[in-house]
Amino acid sequence: MLDLMTLVVVAFGALVGAVAAGAAGFAFAVVASAVWLHAVDPVRSAFLVVSLGTILHAGLVWKLRRAISWQRLAPFLAGGAVGVPIGVALLTVTDPAPLRRALGALLLAFGLYALAVRGLPRIAWGGRGADATIGLTGGMLGGVGGFAGVPTTIWTQLRGWPKEVARGVFQPFILASHVATLVLLGGLTLDARALVLAAAALPGLALGAWLGLRLYGRLDEARFRRLLAAFVVLSGLSLLF
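Residues numbered from 1 in each chain as written. Predicted model: local features only at pLDDT ≥ 70, side-chain atom pairs only at ≥ 80, totals over all residues. Heavy atoms only, no water.

Novice: Sorry if this is basic, but what is going on with the overall build of the protein here?
Specialist: Scanning the protein from terminus to terminus reveals 10 helices and 0 strands. Along the chain direction, N to C, the helices and strands of the protein fall in the order α-α-α-α-α-α-α-α-α-α. In terms of C-alpha radius of gyration, the protein reaches 17 Å, essentially the compact-globule figure of 18 Å for 241 residues. Residues counted as buried form 49% of the 241 residues belonging to the protein. In the protein, the share of contacts with a sequence separation of at least 24, taken over all contacts with a separation of at least 6, comes to 83%. Total accessible area on the protein is roughly 11200 Å²; 70% of this is exposed by carbon and sulfur atoms. Mean positive and mean negative side-chain charge positions of the protein (19 and 8 charges, respectively) differ by 10 Å. (Helix = DSSP H or I, 4+ residues; strand = E, 2+ residues; numbered from the N terminus. Rg over C-alpha atoms; globule rule 2.2 N^0.38 Å. Buried < 20%, exposed > 50% of the residue type's maximum accessible area, 1.4 Å probe, protein only. Contact = heavy atoms within 4.5 Å. Areas by Shrake-Rupley, 256 points an atom, 1.4 Å probe, with all protein chains shown as cover. Lys, Arg positive; Asp, Glu negative; His and termini not counted. Charge placed at Lys NZ, Arg CZ, Asp CG, Glu CD.)

Encoded structure:
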């Protein structure tokens with residue numbers, strides 16, 4: 001039997017996570033699970049991240065569908081299609097903790113650097129091959145721990161793409177990685193308790209996505225980039241601690 005406080009915590013976690021994803025395009029897993037783990041066990045928290053994250057990003061991708069360039073997105077998806085199975089395989093045979101800590105330190109350093117400087121360096125080399133390599137890396141991290149969007153988000157900023165172009169890449173990439181990871185793992189806990197938790201989270205998920213998209217519409221390019229940098233810092237801290 002679930003108590004009212006647990007349901008409230010789950011709904012609040014969905015709300016704040018969806019606000020983050022609606023405004024920045026990623027970080028739902030980081031923000032929401034940081035709240036959920038105070039009330040539910042890690043297995044059910046993982047179920048909520050993947051299942052609700054898929055619903056959330058599907059809705060956000062649909063809202064932003066006009067910003068998607070399939071030609072630009074294709075190499076990321078191709079790399080991710082290879083990377084996700086590798087990440088899932090690593091998850092099943094290795095301890096992902098050292099990788100997560102190393103990634104956390106890297107993300108924390110990059111996020112703080114991005115917040116401190118006026119503008120990030122621009123990377124123009126590599127073409128579609130470099131984009132596919134970032135997709136491969138993102139897919140692996142998605143399979144290992146659900147962080148598919150972090151390297152892709154950072155890369156779009158280093159490419160210097162405007163916010164609409166950037167979200168037209170990393171938002172659908174996150175969705176595709178979520179779906180692929182869910183299909184490959186297939187062993188997440190699905191019982192009556194998990195379904196009740198997911199149902200309790202849906203209103204907060206919808207409201208948070210709406211609020212996040214409204215916030216996104218008010219952000220200029222500079223504020224959007226600083227928001228992304230702040231969530232990269234938060235992602236790094238969550239992996240370290």
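Right, picking up where we left off after that structure.
Novice: How should the packing of aromatic side chains be read in this particular structure?
Specialist: Two aromatic rings, taken as a pair, are described by how far apart their centres are and by the angle between their planes. Applying the stated rule across the entire model yields 6 aromatic pairs. A ring pair is formed by Phe26 and Phe170, whose centres lie 6.4 Å apart and whose planes are at 75°; its orientation type is edge-to-face. Here Phe170 lies in helix H8 (residues 163-185) and Phe26 lies in the loop between helix H1 (4-24) and helix H2 (28-36), a separation of 144 residues in the sequence. Measuring from centroid to centroid gives 5.8 Å for Phe28 and Trp36, while their planes differ by 80°, and the two rings are edge-to-face. The residues Phe28 and Trp36 share a single accessibility class, namely buried. The ring of Trp62 has Arg65 lying over it, and the distance from NZ or CZ to the ring centre is 4.0 Å. When the ring centre of Tyr216 is taken as origin, the NZ or CZ atom of Arg167, which lies over that ring, is 4.4 Å away. (Phe/Tyr/Trp six-rings, centres within 6.5 Å; stacked < 30°, edge-to-face > 60°. Lys NZ or Arg CZ within 6 Å of the ring centre and 35° of its normal.)

Novice: Is there a simple way to explain the environment of Thr181 in this structure?
Specialist: Topologically, Thr181 is positioned in helix H8. Accessibility expressed as a relative area gives 7% for Thr181, which makes it buried. Separated by 178 residues in sequence, Thr181 and Asp3 place their C-alpha atoms 31 Å apart. Among residues more than four places away in sequence, those in contact with Thr181 are Val84, Val88, Gly142 and Gly143.

Novice: What should I look at first to understand helix H9 (residues 192-217) in this one?
Specialist: Here H9 spans 38 Å end to end across 26 residues, near enough to the 38 Å set by a 1.5 Å rise per residue. A maximum bend of about 35° is found in H9 at Leu202, where proline Pro203 lies one to four positions downstream. For H9, every residue scored as buried is listed here: Ala194, Leu197, Ala198, Ala201, Gly204, Leu205, Gly208, Ala209, Gly212 and Tyr216. Those residues of H9 that are buried are in contact with H1, H2, helix H3 (42-63), H8 and helix H10 (221-240). (Expected span 1.5 Å × (residues − 1). Bend = angle between axes of the 7 residues up to and from the residue.)

Novice: I tried to follow the side chain of Ser33 on my own but got confused; where do I start?
Specialist: Assignment of secondary structure puts Ser33 in helix H2. According to the relative accessible area criterion, Ser33 is buried, its value standing at 17%. A distance of 2.4 Å separates the side chain of Ser33 from the backbone oxygen of Ala29, its partner in a polar contact. Other than its neighbours up to four places away in sequence, Ser33 contacts Phe28, Ser45 and Val49. (Polar contact = N/O pair within 3.5 Å; in protein donor to acceptor, adjacent residues only side chain to side chain.)

Novice: I would appreciate a short explanation of the packing of helix H7 (residues 149-158) against H8 in the present structure.
Specialist: Close contact between H7 and H8 brings their axes to 9 Å; oriented N to C, the two are set at 170°. Judged on the interaxial angle alone, H8 and H7 are roughly antiparallel. Residues Gly149, Thr152, Thr153, Thr156 and Gln157 of H7 lie in contact with H8, whose contacting residues are Ala166, Val169, Phe170, Phe173 and Ile174. Tallied by class, residues from the contact of H7 with H8 come to 5 nonpolar, 5 polar and no charged. (Axes fitted to C-alpha atoms, helices over the stretch in contact; angles between N-to-C directions. Parallel < 35°, antiparallel > 145°, perpendicular 65-115°, else oblique. Nonpolar A, V, L, I, M, F, W, Y, C, P; charged D, E, K, R; others polar.)

Novice: Can you walk me through a nonpolar patch on the surface in this structure?
Specialist: A grouping of Val82, Ile86, Leu90 and Val93 is seen on the molecular surface, where their side chains present a nonpolar patch of about 330 Å² in accessible area. The topology assignment puts Val93 in helix H4 (residues 70-93). (Patch = residues over 30% accessible without salt bridge, like charges linked within 9 Å, V, L, I, M, F, W, Y side chains within 5 Å. Salt bridge = Lys/Arg side-chain N within 4 Å of Asp/Glu carboxyl O.)

Novice: Looking at this structure, how should I read helix H5 (residues 97-116)?
Specialist: Between its first and last C-alpha atoms H5 spans 29 Å; for 20 residues at 1.5 Å apiece the expected length is 28 Å, and the two agree. Those residues of H5 not exposed but buried are Leu103, Gly104, Leu107, Leu108, Phe110, Gly111 and Ala114.

Novice: What is the right way to look at the nonpolar core in this model?
Specialist: One broad rule of soluble globular proteins: the nonpolar side chains tend to lie buried together. Ranked by size, the top nonpolar core spans 41 residues in total, and within it Phe26, Phe76, Leu107, Phe110, Ile154 and Phe231 carry the most contacts. The set of elements that each furnish at least two residues to this core consists of H1, H2, H4, H5, helix H6 (127-145), H7, H8 and H10. The contacts of Leu107, once residues within four sequence positions are left out, are Val150, Ile154, Val232, Ser235, Gly236 and Leu239. Core analysis: the next-biggest nonpolar cluster, separate from the first, contains 22 residues, Val10, Ala21, Ala194 and Leu205 among them. (Core = buried A, V, L, I, M, F, W, Y, C linked by side-chain atoms within 4.5 Å.)

Novice: How should I be thinking about the side chain of Gln157 in this particular structure?
Specialist: Position of Gln157 among the secondary structure elements: in helix H7. A polar contact is formed between the side chain of Gln157 and the side chain of Arg225, at a distance of 2.7 Å. Leave out the neighbours within four places in its chain, and Gln157 touches Leu120, Arg122, Ala166, Phe224, Arg225 and Leu228.

These figures capture arrangement, not role.
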